[in-house]
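A structural walkthrough
Residue strings, one per chain:
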Amino acid sequence: MGDTILEMKHVTKKFPGVIALNDVSINVKRGEVLGIVGENGAGKSTLMKVLSGSYTNKEYEGEIWVNGEKQSFASVSDAKKIGIEMVYQEVNAMYEASVAENIFVGNLPGKGWVDYKKLYKDTQDLLDQLGLQISPKTPAGALNSGQLQLMSIVRAMAAHPKIMVLDEPTTALTDSEVDILMNFLENLRKSGVSCIYISHKLEEIFRICDRVTIIRDGNVITSGDISEFNQETLVQGMIGRKVENMYVKSAHQIGEPTLEVKHLSVPHPTIDNRNIVDDISFFVRKGEILGIGGLVGAGRSEALGAIFGELVQGVHKEVKINGKEVTINSPKDAIKAGIGFVTEERKRTGFIQTMNILHNLSLISLYDLPKKHFIDRKVENEKAKAIFDRMRVKAPSMNTMVVNLSGGNQQKVVLGKWLMKNPQILFIDEPTKGIDVGAKAEFYKMMDELAAAGVSIVMVSSDMPELMSMSDRILVLSNGKITGEFSHEEAAQATIMKAAIANQ
Ligand SMILES: Nc1ncnc2c1ncn2[C@@H]1O[C@H](COP(=O)(O)OP(=O)(O)OP(=O)(O)O)[C@@H](O)[C@H]1O
Ligand SMILES: [Mg+2]
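Our subject in this report is the structure included herewith.

Cut-offs applied
Residues numbered from 1 in each chain as written. Chains lettered and ligands numbered in written order. Predicted model: local features only at pLDDT ≥ 70, side-chain atom pairs only at ≥ 80, totals over all residues. Heavy atoms only, no water. Salt bridge = Lys/Arg side-chain N within 4 Å of Asp/Glu carboxyl O. Helix = DSSP H or I, 4+ residues; strand = E, 2+ residues; numbered from the N terminus. Buried < 20%, exposed > 50% of the residue type's maximum accessible area, 1.4 Å probe, protein only. Contact = heavy atoms within 4.5 Å. Polar contact = N/O pair within 3.5 Å; in protein donor to acceptor, adjacent residues only side chain to side chain. Near = heavy atom within 4 Å. Areas by Shrake-Rupley, 256 points an atom, 1.4 Å probe, with all protein chains shown as cover. Nonpolar A, V, L, I, M, F, W, Y, C, P; charged D, E, K, R; others polar. Domains from an automatic or database assignment. Axes fitted to C-alpha atoms, helices over the stretch in contact; angles between N-to-C directions. Parallel < 35°, antiparallel > 145°, perpendicular 65-115°, else oblique.

Some details on the pattern of salt bridges
Taken as a whole and assessed by the stated rule, the structure comprises 23 salt bridges. Taking the shortest distance from any N to any O, the salt bridge between lysine 412 and aspartate 436 comes out at 3.9 Å. Placement of lysine 412 in helix 14 (residues 407-421) and of aspartate 436 in the loop between strand 17 (425-429) and helix 15 (437-452) is noted, with a sequence separation of 24 residues between them. In this structure lysine 412 comes out as buried when scored by relative accessible area, which is 2%. Between lysine 445 and glutamate 442 there is a salt bridge, and its shortest N-O distance comes to 3.6 Å.

Some words on helix 8 (residues 231-239)
Among the residues of helix 8, Leu234, Val235, Gly237, Met238 and Ile239 are the ones counted as buried. Considering only its buried residues, helix 8 is in contact with strand 3 (33-37), helix 7 (202-208), strand 9 (211-216), strand 10 (219-225) and helix 15. The N-capping residue of helix 8, defined by a side-chain oxygen 3.0 Å from the backbone nitrogen of glutamate 232, is asparagine 230.

Observations regarding the site of ligand 1
Near ligand 1 there are 21 residues, and of these Gly41, Lys44, Thr46, Ser406 and Gly408 occur at the shortest range. Here alanine 42 contributes a backbone N or O atom positioned 3.2 Å from an oxygen atom of ligand 1. A distance of 2.8 Å separates an oxygen atom of ligand 1 from a polar side-chain atom of histidine 200. Expressed as a share of its isolated accessible area of 640 Å², the protein-covered part of ligand 1 is 89%. Contributing elements (two or more residues each) for the shell around ligand 1: strand 2 (18-29), helix 1 (44-51) and helix 14. Tallied by class, the residues present in the shell around ligand 1 amount to five nonpolar, 12 polar and four charged. Both domains that meet at the shell around ligand 1, namely domain 1 (4-239) and domain 3 (347-422), each give it at least three residues.

Section: the packing of helix 5 (residues 145-157) against helix 6 (residues 175-190)
Helix-helix packing is described using two parameters, namely the angle between the two axes and the distance between the axes. Axis separation between helix 5 and helix 6 bottoms out at 11 Å; the angle between their running directions is 10°. Looking at the two axes, helix 5 sits roughly parallel to helix 6. Seen from helix 5, the contacting residues are Gly146, Gln147, Leu150, Ile153 and Met157; seen from helix 6, they are Glu177, Leu181 and Phe184.

A closer look at the side chain of serine 265
The topology assignment puts serine 265 in strand 11 (residues 257-267). You can call serine 265 buried: its relative accessible area is 13%. Only 2.9 Å separates the side chain of serine 265 from the backbone nitrogen of aspartate 279, close enough to count as a polar contact. Ignoring any residue separated from it by four or fewer positions in sequence, one finds serine 265 in contact with Asn275, Val277, Asp278, Asp279, Gly314, Val315 and His316.

So, to be careful, I would describe these as geometric facts and stop short of saying anything about function.
Given below as structure tokens:
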């Protein structure tokens, strides 16, 4: 028993129509990092919500033992009291409050009033430990998604946990930010803190974990030392089959430019007299996948948002589609002009939580469906079902509310919505964030099919293998300028990285 800090025994958790966890047992030793892997909807987050007290002891069956004592959490704060901290998959922040206030919320220094001097100093110390270059006074709303994710980690760390749970902590991080996190976890391990680490990025699992537990459909498939596994056996355990040829790219015709953008400038959201996108021009051709690389904050998402009419204020742009000048002042204009946009932040802009899968999938396609006096539900259903099946969305049926889906399955719905709409030009921003390897391979296949059918795709991606494997051509943005352009054949990680830090 001695060095085992945590045991979860025979945990079963049911939702209406879904057995999310079926008699799951795991254990964690002092000072080790346990990886948990499994497909989207396997039950990983649910298991961690049981551990962190998000689900109370009355809402599941099974036992939690910490340091040889049986626990019974009635709330998140009960779990925190004995040293369990969780960093959730979806970032929750108070966007108006400062970074410092977000980190120390519920635990602000001072008696009766807040000791801001101490608050800022303590925060600075923590940020320094992680090597994060953010001021404690910055409002959280001004941070980019990577910084927000790191802030949530600092918040958990501020509580000096004994067991730290990280649920997909790197979905919004750049490679160098991932390095920061890995170093930090190394240090935690040395100081005897235990960690549970959930990720779809298997290279991270191999890099940081001592042991791994594979979950499939709510059941533990196996647990073992990481050295007992390789990429292939891990994937096989997760999805019950092999994934051959992850990145599908078929030979097909690339035609004339469909979208041409000239002199695109977007003002910086927080710095006056500065552009986050600074007078860039580019085009994408029929049947071409144009990848856009660069660091977080380089202006890539803003460029797409501005073309799509999501950002308007202070934006300058000249846009031609099929050689004709178009005016786009709103996303509605953009959709009419034949552009689709899979945005990065699905929670804010991707789907309507209170609608079911079917209606989310067909939301923007409704106008294309055969019109009688009313929408042809049969056609809607068939089209949506085809996407639902191909993407392997895990849900009892298409009537399931999107809000009840696991993180990765929500992302599949967002992608599916635009695949169903089948626009002439498709923007996708970090498409495979949080989706499992099986669904990823399927998505790349669909993207390739779209391109082969003549769709022009513009894909922002921080995932190097994805960017290099799927793009016909790559543009690199740095500080709002295009600093590199590479063909599929020329693209190499080193040259892309070099361009990404040019113009700094
Ligand atoms: N509040 C809820 N109501 C109904 N079903 C739910 C709820 N929360 C989770 N589920 C279901 O439980 C199952 C497990 O979900 P969970 O979020 O634990 O998956 P996951 O392994 O974390 O997946 P991902 O990798 O996509 O994050 C899924 O089928 C999901 O739809
Ligand atoms: Mg999850």
